[in-house]
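Now for the letters of each chain:
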Amino acid sequence: MRVFTRDGQERWMWTHGRSLRDAAGRLIALEGYLFDTDQQKRAERERDELFLLSPDLLAIVDMETTLQRYNPAWSASLWYTDAELLRLRLSTLIHPDDLPVFELVRQQTTVDSQFFHVETRVRRKDNDWRWISWSGCATSSSSRRCPTAPPKCCAGSPKISSTGCAVSSRASGRASC
């Protein structure tokens, strides 16, 4: 809940309470708790602003590779609309030759706090391929690093190019985690 102090400052609060009534149903008192959540709310706004303004592809993906949340860089870089991105599984955009490595990384990162790094080709809407360097972590409901349960993957990609090289451990068949 948003409140304003006597001096006009905006503050965010979390409240929990109940009303006490007499036998006739008249309000006689209010009891409850009021917690100042202003710093948390400001931190959430800063995080959301960073997420939205970043030129890097940032996403939260479920373990079935469906985008749960992503920033506008996805549409700008890959040319899909928001409606299209919400219907797609990320795995359907990965180049067929890169799917085995992508799947291996996905399977290896189902444990909390395990970070991954992999490079794959991703299909743009015009069917052109772009190399993307992914980094991220898998999380569950008990994770403190990315507490957005159920199991998900928080990932980002600072590198997008039309040419690239495969993941360094690709030749050995292992993903870089």
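What you see is a predicted model, and the numbers here were worked out from it, not measured in a lab.

Caption draft 1: Structural context of the overall build of the protein. When helices and strands are tallied, the protein shows four helices and eight strands. From first element to last, N terminus to C terminus, the protein shows the α and β order β-β-β-α-β-β-α-α-α-β-β-β. Within the protein, the fraction of its 177 residues that count as buried is 34%. When contacts within the protein are restricted to residue pairs at least 6 apart in sequence, those whose partners lie at least 24 apart make up 44%. Accessible surface, the protein: about 11,000 Å² in total, of which carbon and sulfur atoms supply 53%.

Caption draft 2: Layout of the side chain of Ser133. Along the chain, Ser133 turns up in strand S7 (residues 129-139). Residue Ser133 is classed as buried on the basis of its relative accessible area of 7%. At a separation of 3.4 Å, a polar atom in the side chain of Ser133 contacts the side chain of His117.

Caption draft 3: Region of the structure containing the packing of aromatic side chains. Counted by the stated rule, this structure contains three aromatic pairs. Residues Trp14 and Phe35 carry aromatic rings whose centres are separated by 5.3 Å and whose planes lie at 35 degrees to one another, so their mutual orientation is tilted. Here Trp14 is found in strand S2 (residues 10-21), whereas its partner Phe35 is found in strand S3 (residues 27-36), with 21 residues between them in sequence. On the accessibility criterion, Trp14 (45% relative accessible area) is partly exposed. With a relative accessible area of 41%, Phe35 lands in the partly exposed category.

Caption draft 4: Here's a closer look at the environment of Gly17. Following the sequence through the fold, Gly17 ends up in strand S2. Aside from chain neighbours lying at most four places away, what touches Gly17 is Glu31 and Gly32.

Caption draft 5: Broad picture of the nonpolar core. With 21 residues, the main nonpolar core has Leu67, Trp74, Leu78, Leu90, Val122 and Trp134 as its most contacted residues. Mapped onto this core, the elements with two or more residues apiece are strand S4 (57-62), strand S5 (67-70), helix H2 (73-78), helix H4 (99-108), strand S6 (115-123) and S7. Setting aside residues up to four positions removed in sequence, Leu67 forms contacts with Ala59, Ile60, Val61, Trp74, Leu85, Leu86 and Leu88.

Caption draft 6: Up close: the environment of Leu50. When you line up the elements, Leu50 lands in helix H1 (residues 38-53). Judged by its relative accessible area of 61%, Leu50 falls in the exposed class. In sequence terms Leu50 and Asn71 are 21 residues apart; their C-alpha atoms lie 9.5 Å from each other.

Caption draft 7: Layout of the confidence of the model for the protein. Summing up the model confidence of the protein, the mean pLDDT is 79 and the portion of residues at 70 or higher is 76%. Within the model, pLDDT remains below 50 along residues 141-149, and this stretch shows 11 contacts once partners closer than five positions in the same chain are excluded.

Caption draft 8: A look at a nonpolar patch on the surface. Judged by side-chain polarity, Trp14, Tyr33 and Phe35 come together as a nonpolar surface patch covering roughly 370 Å² of accessible area. By the secondary structure assignment, Tyr33 is in strand S3. Its relative accessible area of 55% is what places Tyr33 among the exposed residues.

Caption draft 9: Quick peek at the pattern of salt bridges. Following the criterion strictly, the structure yields 14 salt bridges and no others. Note that Asp128 is salt-bridged to Arg124, the shortest N-O span being 3.5 Å. Classification of Arg124 as buried rests on a relative accessible area of 8%. Put simply, Arg11, Asp36, Asp38 and Arg42 are held in one network by salt bridges that share partners.

The rules behind the values
Residues numbered from 1 in each chain as written. Predicted model: local features only at pLDDT ≥ 70, side-chain atom pairs only at ≥ 80, totals over all residues. Heavy atoms only, no water. Helix = DSSP H or I, 4+ residues; strand = E, 2+ residues; numbered from the N terminus. Buried < 20%, exposed > 50% of the residue type's maximum accessible area, 1.4 Å probe, protein only. Contact = heavy atoms within 4.5 Å. Areas by Shrake-Rupley, 256 points an atom, 1.4 Å probe, with all protein chains shown as cover. Polar contact = N/O pair within 3.5 Å; in protein donor to acceptor, adjacent residues only side chain to side chain. Phe/Tyr/Trp six-rings, centres within 6.5 Å; stacked < 30°, edge-to-face > 60°. Core = buried A, V, L, I, M, F, W, Y, C linked by side-chain atoms within 4.5 Å. pLDDT = per-residue confidence, 0-100. Patch = residues over 30% accessible without salt bridge, like charges linked within 9 Å, V, L, I, M, F, W, Y side chains within 5 Å. Salt bridge = Lys/Arg side-chain N within 4 Å of Asp/Glu carboxyl O.

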